[in-house]
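Listed below, chain by chain, are the residues.
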Amino acid sequence: MDKLEKILMPMADVLTKNRVLIAIRDGFLISTPLLIVGSIFLLIANFPIPGWDAAVSSVLGTGWTDWFKAVSRASFNCTGLLTALGTGYAMAREFKADKIQGAAVALVSYFILMPTIHTAVRDSGEVVKDAVFAGLDFDYVGPNGIFMALICATLGVWLFAFAYKKGWTIKMPKGVPPAVADSFAALVPSALVMGAAFLVRIGFSFTEFGYFQDFVVAILQTPLEGLGDTLGANALYSFMCTFFWFFGINGPAVCNSVFFIGNVLTAKQLIAFEAGKALPYIFTNPFSNFFCNFGGGGSTLSLVILMVTVCKSERIKQLGKLSIVPGFFGINEPIIFGLPVVLNPVIAIPFILVPMMNLILSYFATLWGIIPRTTGVNLPWTTPIGFSGWLATGSWRASVWQIFLLVLGMMIYYPFIKTLDKKYLAEEAAAANESSEEDDISFDDLDLDNL
């Protein structure tokens, strides 16, 4: 344990304190509220109840779904753009540069490197505008643009902050309003970033790719998407998340800084769902959130239910009662640090094994059509079991599958929590005996001869 801790603690410390990884993680978090709200609108437009569309159409008229899809499309189809803004802002914050200017320069460099379209064509094939028209395709500002957005935000803002620290700025005299002074101070650093993006665009125009974004998608994003949708990669991710938790380190906070491909897969899955196409991926964020862990890391909802129902130790039962309600909403810090799970070799085995079992079984259940694929709808990770499976897939079968996995997890946790229960019962009994002996006062051995 000591050797593992000496290896893992520095590794986690490096990952959690790396400014670039923090910016990437927080950049996605900035856009998360918008994606969740957009998902709610899309969920209303495609609510998984038979006859829902006909019932609402009778009140609002046909075409009512377009109103809701306009909201969802504004967020899902612009995930690349949102990533550039969010990561640029977070990157500037981490490198002590102007946050708004950092977000702006990341976005502008993103646009400079993006292909433009000059012909607008309807789905029917009719050309609407030609030659004089110039615009941006949703294919470029959506999920396909996420990786380029990360590159523009990280490298662009790093160069922007570097120029600031070197003093390559235009300094205005005293008395000039701060907004004006800040604007001129950002001029030279912004020019450097935009000039660099300009040169990159020109350079790639002489290659077979034509555009930097096409290069990123072909060489970097597409291979990583294929890797991110494999059982092996996600099994490793699940293992590392729970393994870090065993040492008291927030596993997802560490691993999500590196393994962020799920955000791309989820965004693409959602666009395919909205378009009525076949869903391409299994391992989306909703799959990881709602079919691998119930009650938080380690799938501890199974454990909490056992603590309340079958354990006899007062310590375990009271902790279970305090943790049962938060557990249904995916919050399990009371169990992690109160039972504890941290550095507890008895609970470590099921804590790591149960999420891995859920992942593998859910993968094959999806592959074999027992449960449908997740639609990519971004639900809050606190959505309770049962509801989450139904809303994430649109099928009641997914809810039944969640309950099945929950019960299976209880079966695996049972012998381990009973072992811990017996240990705690013995400790409580010993403590009670010591307390009773201290309370009993005896005069049998009192000697008064020497008085």
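Reading the values: rules and limits
Residues numbered from 1 in each chain as written. Predicted model: local features only at pLDDT ≥ 70, side-chain atom pairs only at ≥ 80, totals over all residues. Heavy atoms only, no water. Helix = DSSP H or I, 4+ residues; strand = E, 2+ residues; numbered from the N terminus. Buried < 20%, exposed > 50% of the residue type's maximum accessible area, 1.4 Å probe, protein only. Contact = heavy atoms within 4.5 Å. Areas by Shrake-Rupley, 256 points an atom, 1.4 Å probe, with all protein chains shown as cover. Axes fitted to C-alpha atoms, helices over the stretch in contact; angles between N-to-C directions. Left-handed = near helix turned anticlockwise from the far one by under 90°. Nonpolar A, V, L, I, M, F, W, Y, C, P; charged D, E, K, R; others polar. Salt bridge = Lys/Arg side-chain N within 4 Å of Asp/Glu carboxyl O. Phe/Tyr/Trp six-rings, centres within 6.5 Å; stacked < 30°, edge-to-face > 60°. Lys NZ or Arg CZ within 6 Å of the ring centre and 35° of its normal.

J.: So what exactly am I meant to see when it comes to the overall build of the protein chain here?
T.: When its secondary structure is counted, the protein chain shows 21 helices and two strands. Taking all 451 residues of the protein chain together, the buried fraction comes to 45%. Taking as baseline every contact in the protein chain between residues at least 6 positions apart, the subset at least 24 positions apart corresponds to 73%. Roughly 22,500 Å² of accessible area belongs to the protein chain as shown, and the carbon and sulfur atoms make up 67% of that amount.

J.: How do you make sense of the packing of helix α8 (residues 146–165) against helix α10 (residues 187–204) when you look at a structure like this?
T.: The axes of two packed helices give the description: the angle between them and the distance between them. Two elements in contact, α8 and α10, have axes whose closest approach is 8 Å; the angle formed by their N-to-C orientations is 145 degrees. Note that α8 runs across α10; the crossing there is right-handed. Here G156, L159, F160, A163 and Y164 of α8 come into contact with α10, specifically with P189, S190, L192, V193 and A196. Considered class by class, the residues forming the contact of α8 with α10 number eight nonpolar, two polar and no charged.

J.: For this particular structure, what's the right way to read the pattern of salt bridges?
T.: Opposite charge on two side chains lets them pair, provided their charged atoms get close. Counting across every chain of the model gives five salt bridges. Its salt-bridge partner being R25, residue D26 comes within 3.0 Å of it at the nearest N-O pair. Owing to a relative accessible area of 14%, D26 belongs among the buried residues under this scheme. The salt bridge partner of D26 is R93, with a shortest N-O separation of 2.6 Å. Here D26 is found in helix α2 (residues 19–45), whereas its partner R93 is found in helix α5 (residues 79–94), with 67 residues between them in sequence. Through salt bridges with shared partners, a single network forms among R25, D26, R93 and E94.

J.: Please explain the packing of aromatic side chains as it appears in this structure.
T.: What describes a pair of aromatic rings is the distance from one ring centre to the other and the angle between the planes of the rings. For the coordinates displayed, the defined rule picks out 20 aromatic pairs. Relative to W390, the ring of F47 has its centre 5.5 Å away and its plane inclined at 80 degrees; by these criteria the two rings are edge-to-face. Of the two residues, F47 is situated in the loop between α2 and α3 (52–60) and W390 in helix α20 (residues 387–393); the sequence distance between them amounts to 343 residues. Its relative accessible area of 25% is what places F47 among the partly exposed residues. On the basis of an interplanar angle of 40 degrees and a centroid distance of 5.9 Å, the ring pair of F287 and F291 is categorised as tilted. Residue F287 and its partner F291 are both found in helix α15 (residues 285–291); the two are separated by four residues, about one turn of the helix. Accessibility assignment for this pair places F287 and F291 in one class, buried. Here the aromatic residues F283, F287, F291, Y363, F364 and W368 are joined through ring pairs into a cluster of three or more. A cation over a ring is seen here: R19 above F95, with NZ or CZ 4.1 Å from the ring centre.

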